[in-house]
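# Observations on the three-dimensional arrangement
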Amino acid sequence: MKRLGVNIDHIATVRNARGENHPDPFHAALQVVKMGADSVTIHLREDRRHINDLDAKKICQTKKILVNLEISMNDKIVNNALKIKPNYICIVPENRKEVTTEGGLNLIKNKKKLSKIIERFKKVKIRTSLFINPTLKDIKLSKELNADCVEIHTGKISNLVKLKKKYNSELNRIRKCSILAKKFNIEVHAGHGLDYKTTKILSKINEIEEFNIGHFIIGESIFIGLSSVIKKFKKIIKN
Ligand code: PXP
């Protein structure tokens, strides 16, 4: 059964717009799980533009939810993550000027560093995931790096679908990568830019076990409510 991880970063974005406490990401984390999410994703960015240290600590401390913490390779962030002990980590590239995570990691350039980071998390039994572009080369490198999971960046296919352009070759690329990863015993996740339509298309790939979705869920909840959006996604990914 495929799982849904709900990224609640943008609950913090709304909270931060007023500099007060509402809406509270900790409360949101508990609520989305009650509404059917299998896990909660948060990204503790170096610039703390949405989730902050206290949010991350509180959310990771509660045993009621499974937390996937997205982090960059920054030493301070890595040390912080090891202290707050999420259930899972997903290593992502981070660029101060980007609006959101624009692409997957450069595994070749960062191989040594990533290998050390993965080893540290695996030692304390935290599931490790690498956010990568859908290339067979990156799947092979993820295997060499001993990652437990890969999260395939779905930004490109999401844009093609939204623009009503041909997306079959990107879909095939994602499918081939998913099959190879599964063969290597690496769990496959997908995330970035997903809405109902792209999630439905990708849910036909059997090897994808987890979807991590944020912006669309929070945006759509303005119109139909968080609980209804989560239920719709759960129905879409159930196949
Ligand atoms: N997965 C990863 C690794 C991400 O960095 C992000 C964006 O922060 C997401 C999933 C969620 O993307 P979106 O907000 O576009 O659904």
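Everything here concerns the structure above.
How each quantity is defined
- Residues numbered from 1 in each chain as written.
- Predicted model: local features only at pLDDT ≥ 70, side-chain atom pairs only at ≥ 80, totals over all residues.
- Heavy atoms only, no water.
- Axes fitted to C-alpha atoms, helices over the stretch in contact; angles between N-to-C directions.
- Helix = DSSP H or I, 4+ residues; strand = E, 2+ residues; numbered from the N terminus.
- Parallel < 35°, antiparallel > 145°, perpendicular 65-115°, else oblique.
- Left-handed = near helix turned anticlockwise from the far one by under 90°.
- Contact = heavy atoms within 4.5 Å.
- Nonpolar A, V, L, I, M, F, W, Y, C, P; charged D, E, K, R; others polar.
- Buried < 20%, exposed > 50% of the residue type's maximum accessible area, 1.4 Å probe, protein only.
- Pairing = 2+ DSSP bridges.
- Right-handed = clockwise from strand over helix to strand, strands pointing away.
- Near = heavy atom within 4 Å.
- Polar contact = N/O pair within 3.5 Å; in protein donor to acceptor, adjacent residues only side chain to side chain.
- Core = buried A, V, L, I, M, F, W, Y, C linked by side-chain atoms within 4.5 Å.
- Phe/Tyr/Trp six-rings, centres within 6.5 Å; stacked < 30°, edge-to-face > 60°.

### Considering the packing of helix 4 (residues 75-84) against helix 5 (residues 111-123)
Here helix 4 crosses helix 5 at 15 degrees, and the two axes come no closer than 11 Å. The orientation of helix 4 relative to helix 5 falls into the category roughly parallel. Helix-helix and strand crossings are classified by hand; for helix 4 and helix 5 the assignment is right-handed. Contacts between helix 4 and helix 5 involve D75, V78, N79, A81 and L82 from the former and K113, I117, R120 and F121 from the latter. Class assignment of the residues belonging to the contact of helix 4 with helix 5 gives a composition of 5 nonpolar, 1 polar and 3 charged.

### Observations regarding the pairing of strand 3 (residues 67-71)
A large share of strand 3 lies buried, amounting to 5 of its 5 residues. In strand 3, alternate side chains face the same way, and those of V67, L69 and I71 on one face and N68 and E70 on the other are all buried. Across 4 bridges, the pairing between strand 2 (residues 39-43) and strand 3 is parallel. Looking at the pairing, I42 lines up with L69 of strand 3. One crossover worth recording links strand 2 to the parallel strand 3 by way of helix 3 (residues 53-61), and it is right-handed.

### Examining the site of the ligand
As a structural note, the neighbourhood of the ligand is formed by 13 residues, with E70, E151, G193, G214 and H215 the closest of them. Between the ligand and E70, the relevant distance is 3.1 Å, taken from an oxygen atom to a side-chain nitrogen or oxygen of the residue. Backbone polar atom of H215 to an oxygen atom of the ligand: 2.8 Å apart, as the coordinates give it.

### Some points on the pairing of strand 1 (residues 3-7)
Walk down a regular strand and you will see the side chains alternate between the two sheet faces. Most of strand 1 sits out of view: 4 of its 5 residues are buried. Note: strand 1 against strand 8 (residues 208-213), 4 bridges, orientation parallel. Opposite L4, over in strand 8, you have F211 as the bridge partner. Pairing between strand 1 and strand 2: 3 bridges, direction parallel. Bridging from a neighbouring strand, N7 pairs with T41 of strand 2.

### Things to note about the nonpolar core
Of all hydrophobic cores here, the largest spans 70 residues; its most connected members are I8, I42, I91, F121, L130, L202 and I217. Sort the elements by how many residues they give to this core and helix 11 (residues 226-237) lands first, with 6 residues. If we skip the residues at most four places from it in the chain, I8 touches P25, A28, A29, V32, V40, T41, I42, I51 and I59.

### Observations regarding the packing of aromatic side chains
For the coordinates displayed, the defined rule picks out 3 aromatic pairs. Taken together, a centroid distance of 4.9 Å and an interplanar angle of 40 degrees make the contact between Y196 and F233 tilted. Placement of Y196 in helix 9 (residues 196-202) and of F233 in helix 11 is noted, with a sequence separation of 37 residues between them. What makes F233 buried here is its relative accessible area of 0%. These aromatic residues form a ring-pair network of at least three members: Y196, F216 and F233.

### Here's the deal with helix 4
Those residues of helix 4 not exposed but buried are I77, V78, N80, A81, L82 and I84. Looking at the buried residues of helix 4, the elements they touch are helix 3, strand 3 and helix 5. Sitting at the amino-terminal end of helix 4 is N74, which places a side-chain oxygen 2.9 Å from the backbone nitrogen of K76.

### Some words on the environment of I11
Relative to the elements of secondary structure, I11 occurs in helix 1 (residues 9-18). In this structure I11 comes out as buried when scored by relative accessible area, which is 11%. In this view, I11 contacts P23, D24, P25, A28 and I218; residues no more than four positions away in its chain are not counted.

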